[in-house]
Amino acid sequence: MVKKVLKFGGTSVGSIERIQHVAKIIKKEHDAGNQIIVVVSAMAGKTNELIDLSKNISKNFSKREYDVLISSGEQVSCALLAGALINLNLKAKSWMNWQIPILTEGEHSNARIINVNVEKINKFLQEGIAIIPGFQGITKNCDITTIGRGGSDATAVAFAKLFDAEKCEIYTDVDGVFSSDPKKIPVAKKIEKISYEEMLELSSVGAKVMQPSAVQTAMMYDIPLEVKSTFTDRKGTKIFDQENIDYSKSVTGVAYSKDDAKITLTQVEDKPGVAANIFAPLNDAQINVDMVIQNISSDQKTTDITFTIKREDLSKTKEILRKNRSINYKEITHNAKVSKVSIVGAGMVSTPGVTYKMFKALADEKINILAISTSEIKISVIIDEENTLNAVRKLHTIFDLD
Ligand code: ADP
Ligand code: ASP
Ligand code: MG
């Protein structure tokens, strides 16, 4: 007998027919003698719908009530799926976050799971299938919190860890992890196996097939994952601690995100402490600064500082900068129509010239690079948003991924 966590995303449970189809997949796994914990997302589009409802009430909707609201989509899909399994003569039961409970810590909408009471569910697993709502929990004060968009992946990994599951399978609407988003880049290829490190980089820069914090937890506790399709029987992608990485290719995947914005402060005083004075209040306001570029000062007195943030933080960031009396500059400019395009690959560690090849390819396409950041296995550039897909296609081709 194998204990398995199966996670089904929003599209997989997006309609009654799909829920019935998912119930059949679960039945097959259960009939094979496995103990099954199922983690489900809200039906496709539901969470966005709930977010829109909150906006209709207020732009500053209460953070506590926001989490109560947006966690409710999962209650619906859990009950429908449990009902569908019961209809197939299986013993199944849904559990809401507070009934278990799933204990979380941290801010509303950005909490993390720190513990789960395993007792009740473990007992139930002897006889039936447990259906768990993804993406949520309660704090020790019993407030409902959500754990970030796409967070059902993180719930699945947390359950796999806390229940000592042998397998954690992420069922979604594509066949696995691809060299780029297969819905946008049809020539992208499915990756058979990928290391945690590469998957973490890819998901952090936009490959939303896995949520970054889920990959991080899996990496930390060495929980092997498999991403596979709900709708086909094809083999998926295995994500694990790959010791023998195939370095035949320098780049494993190309990803992009369109949720960045770029801000420039011109003619900032060029003296020690200025950068700290700019970024301290942003840090206090929990605004995440991604890339920073400081130009070399031509007159030794002033310099321009450019940095990128999440687009949703743009107006708040500008407001904080304007109120900041500890910095002197000429003006604040911004560009919200930028995107981040990244190449990721463990193979780039041992391949010289990858950076040059990337920049040359973008230059050949007449795409201007607005900012650059690198890690050992990733190179990201900020470019004008209109060039995004062109850049992704070009990089996918020149790094031999088509
Ligand atoms: P789910 O609702 O199942 O969690 P998501 O929409 O969160 O599914 O993630 C799956 C989607 O991720 C795919 O439909 C695909 O468009 C997108 N995606 C982006 N990059 C990749 C990639 N490199 N490989 C596979 N899918 C990707
Ligand atoms: N329903 C949540 C969301 O849309 C969680 C998830 O799908 O993983 O973000
Ligand atoms: Mg997802």
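Please read all numbers here as calculations on a predicted model, not as lab measurements.

Analysis parameters
- Throughout, a residue's number is its position along its own chain's written sequence, starting from 1.
- Throughout, the order in which chains and ligands are written sets their labels, letters from A for the former and numbers from 1 for the latter.
- Residues qualify for local features only when their pLDDT is at least 70, as the model is predicted, and side-chain atom pairs are given and counted only at 80 or more; totals for whole chains, interfaces and linings, by contrast, use all residues.
- Computation of side-chain values: all heavy atoms of the structure, hydrogens and water removed.
- Only DSSP runs of H or I reaching four residues or more are called helices, and only runs of E reaching two or more are called strands; each is numbered from the N terminus.
- We call a residue buried when its accessible area falls under 20% of the maximum for its residue type, exposed when it is over 50%, and partly exposed in between, using a 1.4 Å probe and counting protein chains only.
- When checking whether two residues touch, look at their non-hydrogen atoms; a contact exists if any pair is within 4.5 Å.
- The axes used here are C-alpha line fits, helices contributing only the stretch in contact, and every angle between their N-to-C directions lies in the interval 0 to 180 degrees.
- With respect to orientation, any angle under 35 degrees is reported as roughly parallel, any angle over 145 as roughly antiparallel, any angle of 65 to 115 as roughly perpendicular, and every other angle as oblique.
- Note on convention: near helix rotated counterclockwise from far helix by under a right angle means a left-handed crossing. Clockwise means right-handed.
- For this scheme, ten residues count as nonpolar: Ala, Val, Leu, Ile, Met, Phe, Trp, Tyr, Cys and Pro. Four count as charged, namely Asp, Glu, Lys and Arg, and the remainder, Gly too, count as polar.
- For this description, a residue counts as near a given molecule or strand if any of its non-hydrogen atoms is within 4 Å of it.
- What qualifies as a polar contact is a pair of N or O atoms within 3.5 Å, subject to a donor-acceptor requirement within protein and to the restriction that residues adjacent in sequence count only when both atoms come from side chains.
- Using the Shrake-Rupley algorithm and a 1.4 Å probe, accessible areas are obtained, with residue cover drawn only from the displayed protein chains.
- Only protein atoms enter the 1 Å grid used here. Points where a 1.4 Å probe fits but cannot escape make up a cavity, open sets with protein on both sides within 12 Å along at least five of seven lines make up a pocket, and a residue lines them when an atom lies within 4 Å of a point.
- Grid points are joined across faces, edges and corners, and a volume is the space filled by probe spheres set on the points.
- Residues enter patches when their relative accessible area tops 30% and they take part in no salt bridge; the joining distance is 9 Å for like charges and 5 Å for the nonpolar side chains Val, Leu, Ile, Met, Phe, Trp and Tyr.
- Salt bridges, as used here, are contacts in which a Lys or Arg side-chain nitrogen is within 4 Å of a carboxyl oxygen on Asp or Glu.
- Stacked, edge-to-face and tilted labels apply to pairs of Phe, Tyr and Trp rings (six-membered ring for Trp) whose centres lie within 6.5 Å, assigned for plane angles under 30 degrees, over 60, and everything in between, in that order.
- For two strands to be treated as a pair, DSSP must find at least two bridges joining them.
- A right-handed crossover is one whose linking path, passing over the helix from the first strand to the second, runs clockwise when the strands point away from the viewer.

## Brief notes about the overall build of the protein chain
Part 1 of the argument: Scanning the protein chain for helices and strands turns up twelve helices and 18 strands.
Part 2 of the argument: Judged by the C-alpha coordinates and their principal axes, the protein chain covers about 80 × 50 × 35 Å.
Part 3 of the argument: Taking all 402 residues of the protein chain together, the buried fraction comes to 50%.
Part 4 of the argument: Sequence-distant contacts, at least 24 apart, represent 74% of the contacts inside the protein chain between residues at least 6 apart.

## Quick look at the packing of helix α1 (residues 16–31) against helix α4 (residues 72–87)
Part 1 of the argument: Remark: α1 packs on α4, axes separated minimally by 9 Å, with the N-to-C direction vectors making an angle of 60 degrees. Overall, the two elements α1 and α4 adopt an arrangement that is oblique. Every pair of crossing elements has a handedness; the one defined by α1 and α4 is right-handed. Packed against α1, whose contacting residues are I16, I19, V22, A23 and I26, the element α4 presents L80, L81, A84 and L85 at the interface.
Part 2 of the argument: Here the contact of α1 with α4 is built from residues that sort into nine nonpolar, no polar and no charged.

## Considering the site of ligand 2
Part 1 of the argument: Taken together, the residues surrounding ligand 2 are S41, A42, T47, E74, F135, R149, G150, G151 and S152.
Part 2 of the argument: Separating an oxygen atom of ligand 2 from a side-chain N or O atom of S41 is a distance of 3.3 Å.
Part 3 of the argument: The protein chains hide 86% of the 260 Å² of surface that ligand 2 would expose on its own.
Part 4 of the argument: Of the residues belonging to the shell around ligand 2, the class tally is two nonpolar, five polar and two charged.

## Here we look at the layout of surface pockets
Part 1 of the argument: One number sums up the size of the second largest pocket: a volume of about 430 Å³.
Part 2 of the argument: In terms of lining residues, the second largest pocket is bounded by 15 residues, among which I191, E192, K193, D246 and T252 are the most central.
Part 3 of the argument: Looking at the lining of the second largest pocket residue by residue, the class counts come to four nonpolar, four polar and seven charged.

## Description of a nonpolar patch on the surface
Part 1 of the argument: Among the surface-exposed residues, I16, V76 and L80 lie close enough to one another that they form a single nonpolar patch of about 220 Å² accessible area.
Part 2 of the argument: Given the relative accessible area of 41%, V76 is considered partly exposed.

## Looking at the side chain of K7
Part 1 of the argument: Turning to its location among the elements, K7 is positioned in strand β1 (residues 3–8).
Part 2 of the argument: A polar contact is formed between the side chain of K7 and the side chain of D153, at a distance of 2.7 Å.

## As for the packing of aromatic side chains
Part 1 of the argument: Applying the stated criterion across every chain, the model contains four aromatic pairs.
Part 2 of the argument: Each ring, one from W95 and one from F124, has its centre 5.9 Å from the other, and the planes form 80 degrees; the classification is edge-to-face. One end of the pair, W95, is in the loop between β3 (92–94) and β4 (102–105); the other, F124, is in helix α5 (residues 119–125), and 29 residues separate them in sequence.
Part 3 of the argument: When its relative accessible area of 7% is taken as the criterion, W95 is described as buried.
Part 4 of the argument: Taking the relative accessible area as the measure of exposure, F124 reaches 9% and is therefore buried.
Part 5 of the argument: Their ring planes at 80 degrees and their centres at 5.0 Å tell us that F279 and F307 sit as a pair that is edge-to-face. Residue F279 is found in helix α9 (residues 274–284), and its partner F307 is found in strand β15 (residues 302–310); the two are separated by 28 residues along the sequence.

## Considerations on the pairing of strand β2 (residues 35–40)
Part 1 of the argument: In terms of burial, β2 is a largely internal element, six of the six residues being buried.
Part 2 of the argument: With burial as the criterion, each face of β2 is covered, one bearing Q35, I37 and V39 and the other bearing I36, V38 and V40.
Part 3 of the argument: Bridge count between β1 and β2: six bridges; the pairing is parallel. Note that in β2 the partner of K7 across the bridge is V39.
Part 4 of the argument: One crossover worth recording links β1 to the parallel β2 by way of α1, and it is right-handed.
Part 5 of the argument: Pairing of β2 with strand β6 (residues 129–133) involves four bridges; the strand directions are parallel.

## Considerations on the sheet that holds β15
Part 1 of the argument: Taken in spatial order, the six strands make up an open sheet running β14-β15-β13-β16-β18-β17, and their pairing is antiparallel. The sheet is open, and its two borders are formed by β14 (292–294) and β17 (371–375), each paired with just one other strand. Looking at each pair of strands side by side, their axes are set apart by 25 degrees on average, direction ignored.
Part 2 of the argument: Of the pairings in the sheet, the one linking strand β16 (residues 332–344) to strand β18 (residues 378–384) comprises seven bridges and is antiparallel in character. Pairing of V341 across the sheet is with V381, part of β18.
Part 3 of the argument: Relative to the sheet, helix α11 (residues 354–364) contacts β16, β17 and β18, its axis offset from that of β18 by approximately 20 degrees.

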